[in-house]
Amino acid sequence: MDKCTFQMEPGACLITASPSTDVLPGRMLRGMVRNLERRFELYEYSLARSQKEADAMGNVEAVVPLSGGIKGKLSGGAGVVVFQRLHPSFYDPNYVTLEPEDEEEFRFRLQPGEPFIVEDYTVALPDELFIAVTDDIKLLVRVMSHLKLTEFADAREAVSKLGVANLSVFEEAELLVEYDESAVPGILAGGLDEFLEPPEHVDRLDI
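Residues numbered from 1 in each chain as written. Predicted model: local features only at pLDDT ≥ 70, side-chain atom pairs only at ≥ 80, totals over all residues. Heavy atoms only, no water.

Asks: Would you mind going over the confidence of the model for the protein in detail, with residue names and values included?
Replies: Per-chain confidence: the protein averages 91 in pLDDT, with 95% of residues scoring 70 or above. For the protein, the element scoring lowest by mean pLDDT is helix H3 (residues 69-74), at 46; helix H1 (residues 26-37) scores highest, at 98. Per-residue pLDDT stays below 50 along residues 70-76; that stretch engages in four contacts with residues further than four places along the chain or on separate chains. (pLDDT = per-residue confidence, 0-100. Helix = DSSP H or I, 4+ residues; strand = E, 2+ residues; numbered from the N terminus. Contact = heavy atoms within 4.5 Å.)

Spelled out as C-alpha coordinates, the structure:
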(Lines give C-alpha, C1' and ligand atoms only; values in the text may rest on other atoms or scores of the structure.)
Protein backbone atom coordinates (compact mmCIF):
# COMPACT_ATOMS: atom_id res chain seq x y z
CA MET A 1 0.00 0.00 0.00
CA ASP A 2 1.30 3.44 -0.94
CA LYS A 3 1.69 5.58 2.17
CA CYS A 4 0.51 9.12 2.86
CA THR A 5 3.09 11.89 2.87
CA PHE A 6 3.65 13.61 6.22
CA GLN A 7 5.09 17.13 6.09
CA MET A 8 5.73 19.31 9.13
CA GLU A 9 6.45 22.97 9.78
CA PRO A 10 6.45 24.70 13.19
CA GLY A 11 2.89 24.68 14.48
CA ALA A 12 1.36 22.70 11.61
CA CYS A 13 1.57 19.47 9.67
CA LEU A 14 0.02 18.22 6.44
CA ILE A 15 -0.87 14.62 5.66
CA THR A 16 -1.66 13.93 2.01
CA ALA A 17 -3.19 10.78 0.54
CA SER A 18 -1.13 8.75 -1.91
CA PRO A 19 -1.79 9.62 -5.57
CA SER A 20 -2.85 6.04 -6.26
CA THR A 21 -5.97 6.29 -4.07
CA ASP A 22 -6.35 10.05 -3.46
CA VAL A 23 -8.33 9.20 -0.30
CA LEU A 24 -7.06 9.35 3.28
CA PRO A 25 -7.40 5.75 4.58
CA GLY A 26 -10.34 5.28 6.92
CA ARG A 27 -8.35 2.99 9.19
CA MET A 28 -5.74 5.72 9.61
CA LEU A 29 -8.33 8.41 10.34
CA ARG A 30 -10.04 6.23 12.94
CA GLY A 31 -6.66 5.51 14.51
CA MET A 32 -5.92 9.23 14.71
CA VAL A 33 -9.26 9.90 16.38
CA ARG A 34 -8.57 7.14 18.93
CA ASN A 35 -5.10 8.53 19.61
CA LEU A 36 -6.32 12.07 20.18
CA GLU A 37 -9.39 11.14 22.21
CA ARG A 38 -7.20 9.41 24.79
CA ARG A 39 -6.03 12.89 25.78
CA PHE A 40 -8.46 15.44 24.38
CA GLU A 41 -12.04 16.17 23.33
CA LEU A 42 -12.86 16.19 19.61
CA TYR A 43 -15.76 18.02 17.97
CA GLU A 44 -16.69 18.58 14.37
CA TYR A 45 -17.70 22.17 13.75
CA SER A 46 -19.45 23.88 10.85
CA LEU A 47 -21.43 26.96 9.90
CA ALA A 48 -25.22 27.10 10.21
CA ARG A 49 -27.10 30.01 8.64
CA SER A 50 -29.22 30.60 11.73
CA GLN A 51 -29.89 29.38 15.26
CA LYS A 52 -33.01 27.65 13.93
CA GLU A 53 -30.88 25.68 11.47
CA ALA A 54 -28.42 24.86 14.27
CA ASP A 55 -31.28 23.59 16.48
CA ALA A 56 -32.28 21.14 13.72
CA MET A 57 -28.82 19.55 13.60
CA GLY A 58 -28.07 16.39 15.57
CA ASN A 59 -25.53 15.77 18.34
CA VAL A 60 -24.99 19.49 18.95
CA GLU A 61 -22.72 20.16 21.92
CA ALA A 62 -22.33 23.95 21.70
CA VAL A 63 -22.82 26.96 19.43
CA VAL A 64 -21.00 30.26 18.91
CA PRO A 65 -22.97 33.07 17.20
CA LEU A 66 -21.07 35.15 14.65
CA SER A 67 -21.53 38.91 14.60
CA GLY A 68 -20.64 39.52 10.96
CA GLY A 69 -19.86 43.18 11.59
CA ILE A 70 -22.08 45.82 10.01
CA LYS A 71 -22.81 43.67 6.94
CA GLY A 72 -23.88 40.75 9.10
CA LYS A 73 -26.17 42.87 11.25
CA LEU A 74 -27.89 44.35 8.19
CA SER A 75 -28.58 40.87 6.83
CA GLY A 76 -29.89 39.52 10.13
CA GLY A 77 -26.71 37.92 11.41
CA ALA A 78 -23.70 36.07 10.02
CA GLY A 79 -24.67 32.61 11.17
CA VAL A 80 -23.76 30.25 13.99
CA VAL A 81 -20.73 28.01 14.47
CA VAL A 82 -22.07 24.62 15.54
CA PHE A 83 -19.96 22.08 17.46
CA GLN A 84 -21.11 18.45 17.14
CA ARG A 85 -19.90 15.01 18.10
CA LEU A 86 -17.90 13.34 15.34
CA HIS A 87 -19.82 11.39 12.72
CA PRO A 88 -20.44 7.75 13.77
CA SER A 89 -18.38 6.48 10.82
CA PHE A 90 -15.23 7.68 12.65
CA TYR A 91 -15.91 4.92 15.18
CA ASP A 92 -17.84 2.25 13.26
CA PRO A 93 -16.29 1.10 9.96
CA ASN A 94 -19.60 -0.55 9.02
CA TYR A 95 -21.75 2.55 9.55
CA VAL A 96 -21.42 3.59 5.88
CA THR A 97 -22.23 1.17 3.07
CA LEU A 98 -20.48 1.85 -0.23
CA GLU A 99 -22.57 2.03 -3.38
CA PRO A 100 -21.44 -0.46 -6.06
CA GLU A 101 -20.30 2.35 -8.38
CA ASP A 102 -18.22 3.92 -5.58
CA GLU A 103 -16.56 0.61 -4.76
CA GLU A 104 -15.79 0.05 -8.44
CA GLU A 105 -14.16 3.50 -8.67
CA PHE A 106 -11.99 2.89 -5.60
CA ARG A 107 -10.93 -0.54 -6.83
CA PHE A 108 -9.95 0.95 -10.19
CA ARG A 109 -7.52 3.38 -8.49
CA LEU A 110 -5.54 0.65 -6.71
CA GLN A 111 -2.17 -0.58 -7.87
CA PRO A 112 -2.16 -4.08 -9.43
CA GLY A 113 -2.25 -6.69 -6.70
CA GLU A 114 -3.11 -4.19 -3.95
CA PRO A 115 -6.02 -5.46 -1.81
CA PHE A 116 -9.24 -3.49 -1.59
CA ILE A 117 -10.01 -2.85 2.10
CA VAL A 118 -13.55 -1.54 2.49
CA GLU A 119 -12.86 0.11 5.88
CA ASP A 120 -10.49 2.57 4.22
CA TYR A 121 -13.39 4.13 2.29
CA THR A 122 -16.21 4.23 4.83
CA VAL A 123 -15.46 7.40 6.79
CA ALA A 124 -18.10 9.95 5.76
CA LEU A 125 -16.11 13.02 4.70
CA PRO A 126 -17.61 16.16 3.17
CA ASP A 127 -15.54 18.31 0.81
CA GLU A 128 -14.41 20.30 3.86
CA LEU A 129 -14.40 19.01 7.42
CA PHE A 130 -13.19 20.90 10.49
CA ILE A 131 -12.49 19.28 13.86
CA ALA A 132 -11.66 21.11 17.08
CA VAL A 133 -9.28 19.39 19.49
CA THR A 134 -9.64 20.84 22.98
CA ASP A 135 -9.18 20.18 26.67
CA ASP A 136 -12.54 21.77 27.52
CA ILE A 137 -15.22 22.53 24.92
CA LYS A 138 -17.21 24.72 27.33
CA LEU A 139 -14.22 26.96 28.01
CA LEU A 140 -13.30 27.13 24.33
CA VAL A 141 -16.84 28.13 23.33
CA ARG A 142 -17.09 30.70 26.11
CA VAL A 143 -13.89 32.44 25.04
CA MET A 144 -14.85 32.31 21.35
CA SER A 145 -18.23 33.87 22.16
CA HIS A 146 -16.55 36.73 24.00
CA LEU A 147 -14.34 37.46 20.97
CA LYS A 148 -17.37 38.49 18.84
CA LEU A 149 -16.10 36.63 15.78
CA THR A 150 -17.40 37.91 12.46
CA GLU A 151 -16.74 35.07 9.98
CA PHE A 152 -16.28 31.31 9.97
CA ALA A 153 -12.62 31.80 9.03
CA ASP A 154 -12.22 33.68 12.32
CA ALA A 155 -13.68 30.68 14.14
CA ARG A 156 -11.15 28.35 12.50
CA GLU A 157 -8.30 30.60 13.54
CA ALA A 158 -9.66 30.86 17.09
CA VAL A 159 -9.89 27.07 17.41
CA SER A 160 -6.27 26.64 16.29
CA LYS A 161 -5.01 29.29 18.73
CA LEU A 162 -7.28 28.78 21.75
CA GLY A 163 -7.75 25.02 21.55
CA VAL A 164 -5.18 22.25 21.43
CA ALA A 165 -5.41 21.86 17.65
CA ASN A 166 -7.55 22.41 14.60
CA LEU A 167 -7.93 19.61 12.03
CA SER A 168 -9.05 20.43 8.50
CA VAL A 169 -9.78 17.74 5.90
CA PHE A 170 -10.05 18.85 2.27
CA GLU A 171 -11.51 16.80 -0.60
CA GLU A 172 -10.99 13.56 1.39
CA ALA A 173 -7.30 13.76 0.43
CA GLU A 174 -5.54 16.30 2.67
CA LEU A 175 -5.43 16.62 6.45
CA LEU A 176 -4.05 19.90 7.78
CA VAL A 177 -3.31 19.99 11.51
CA GLU A 178 -2.67 23.36 13.14
CA TYR A 179 -1.65 22.95 16.75
CA ASP A 180 -0.64 24.84 19.85
CA GLU A 181 0.81 21.88 21.77
CA SER A 182 4.02 20.48 20.28
CA ALA A 183 3.10 16.93 21.30
CA VAL A 184 0.10 16.82 18.95
CA PRO A 185 1.80 15.37 15.83
CA GLY A 186 3.35 12.53 17.82
CA ILE A 187 0.05 11.72 19.51
CA LEU A 188 -1.85 11.94 16.23
CA ALA A 189 0.47 9.61 14.31
CA GLY A 190 1.26 7.13 17.10
CA GLY A 191 1.19 3.53 15.89
CA LEU A 192 0.23 4.48 12.33
CA ASP A 193 3.53 3.87 10.52
CA GLU A 194 1.69 1.45 8.23
CA PHE A 195 -0.08 4.42 6.66
CA LEU A 196 2.44 7.27 6.96
CA GLU A 197 5.80 8.02 5.44
CA PRO A 198 8.41 9.32 7.92
CA PRO A 199 7.81 13.00 8.77
CA GLU A 200 9.50 15.49 6.46
CA HIS A 201 10.36 18.84 8.05
CA VAL A 202 9.85 21.75 5.67
CA ASP A 203 10.10 25.53 5.91
CA ARG A 204 6.59 25.95 4.57
CA LEU A 205 3.77 23.52 3.88
CA ASP A 206 2.57 23.22 0.29
CA ILE A 207 -1.14 23.91 0.81
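Asks: So what's going on with the environment of alanine 165? Which residues, and what values?
Replies: Relative to the elements of secondary structure, alanine 165 occurs in strand E7 (residues 165-170). For alanine 165, a relative accessible area of 0% puts it in the buried group. Expressed as a C-alpha distance, the spacing of alanine 165 and glutamate 194, which sit 29 residues apart in the sequence, is 24 Å. Excluding residues within four positions of it along the chain, alanine 165 makes contact with Ile131, Ala132, Val133, Val159, Val177, Glu178, Tyr179 and Val184. (Buried < 20%, exposed > 50% of the residue type's maximum accessible area, 1.4 Å probe, protein only.)

Asks: Describe empty space enclosed by the protein, and please don't skip the residues or the numbers.
Replies: Over the atoms, a rolling probe the size of a water molecule traces out where space has been left empty. Inspection of every chain in the model, using the stated rule, returns one cavity of 30 Å³ or more. When its volume is computed, the largest cavity comes out at roughly 80 Å³. Surrounding the largest cavity, Leu29, Met32, Val33, Leu42, Phe90, Leu125, Leu129, Ile131, Leu167, Val169, Leu175 and Leu188 form its lining. Secondary-structure elements contributing two or more residues to the lining of the largest cavity are H1, strand E6 (128-134) and E7. The dominant element in the lining of the largest cavity, judged by the number of residues it contributes, is H1, at three residues. In the lining of the largest cavity, the residues fall into twelve nonpolar, no polar and no charged. (1 Å grid on protein atoms, 1.4 Å probe; cavity = no way out; pocket = protein on both sides within 12 Å on 5 of 7 lines; lining within 4 Å. Points joined across faces, edges and corners; volume = space filled by probe spheres on them. Nonpolar A, V, L, I, M, F, W, Y, C, P; charged D, E, K, R; others polar.)

Asks: Residue-level account of the nonpolar core, with values.
Replies: Note on soluble globular proteins: their nonpolar side chains tend to be buried together. Counting 36 residues, the largest nonpolar core has Ile15, Leu24, Met28, Phe90, Leu167, Val177 and Leu196 as its most contacted members. Elements that contribute at least two residues to this core include exactly strand E1 (5-9), strand E2 (12-16), H1, E6, E7, strand E8 (174-179) and helix H7 (184-189). In terms of residues, this core owes the most to one element, H1, which gives five residues. The residues touching leucine 24, leaving out its near neighbours within four places in the chain, are Cys4, Ile15, Thr16, Ala17, Leu29, Asp120, Val169, Glu172, Ala173, Glu174 and Leu175. Core analysis: the next-biggest nonpolar cluster, separate from the first, contains 24 residues, Tyr45, Phe83, Val141 and Leu176 among them. (Core = buried A, V, L, I, M, F, W, Y, C linked by side-chain atoms within 4.5 Å.)

Asks: Quick one: what's the story with H1, residue by residue and with numbers?
Replies: In an α-helix, one turn spans 3.6 residues, which is why side chains three or four residues apart end up on the same side. Here H1 contains twelve residues, and its C-alpha end-to-end distance of 16 Å stays within 8% of the 16 Å for a straight helix at 1.5 Å per residue. Burial runs high along H1: nine of the twelve residues are buried. When we look at burial in H1, the residues that qualify are Gly26, Met28, Leu29, Arg30, Gly31, Met32, Val33, Asn35 and Leu36. Buried positions along H1 lie against E2, strand E3 (41-48), E6, E7, E8 and H7. (Expected span 1.5 Å × (residues − 1).)

Asks: Describe in detail the pairing of E3, supporting the description with residues and values.
Replies: Relative to E6, E3 runs antiparallel, the two being bridged by five bridges. The partner of glutamate 41 across the bridge, within E6, is threonine 134. Where E3 and strand E5 (residues 80-84) come together, five bridges link them in antiparallel fashion. Each residue of the ladder has a partner; that of tyrosine 45, found in E5, is phenylalanine 83. (Pairing = 2+ DSSP bridges.)

Asks: Please set out the pairing of E8 residue by residue, giving values where relevant.
Replies: Here E2 runs beside E8; their pairing, made up of five bridges, is antiparallel. Across the sheet, alanine 12 pairs through a bridge with glutamate 178, a residue of E8. Two strands pair when backbone bridges link them, and E7 and E8 are joined in this way by six bridges, in the antiparallel orientation. If you follow phenylalanine 170 over to E8, its bridge partner there is glutamate 174.

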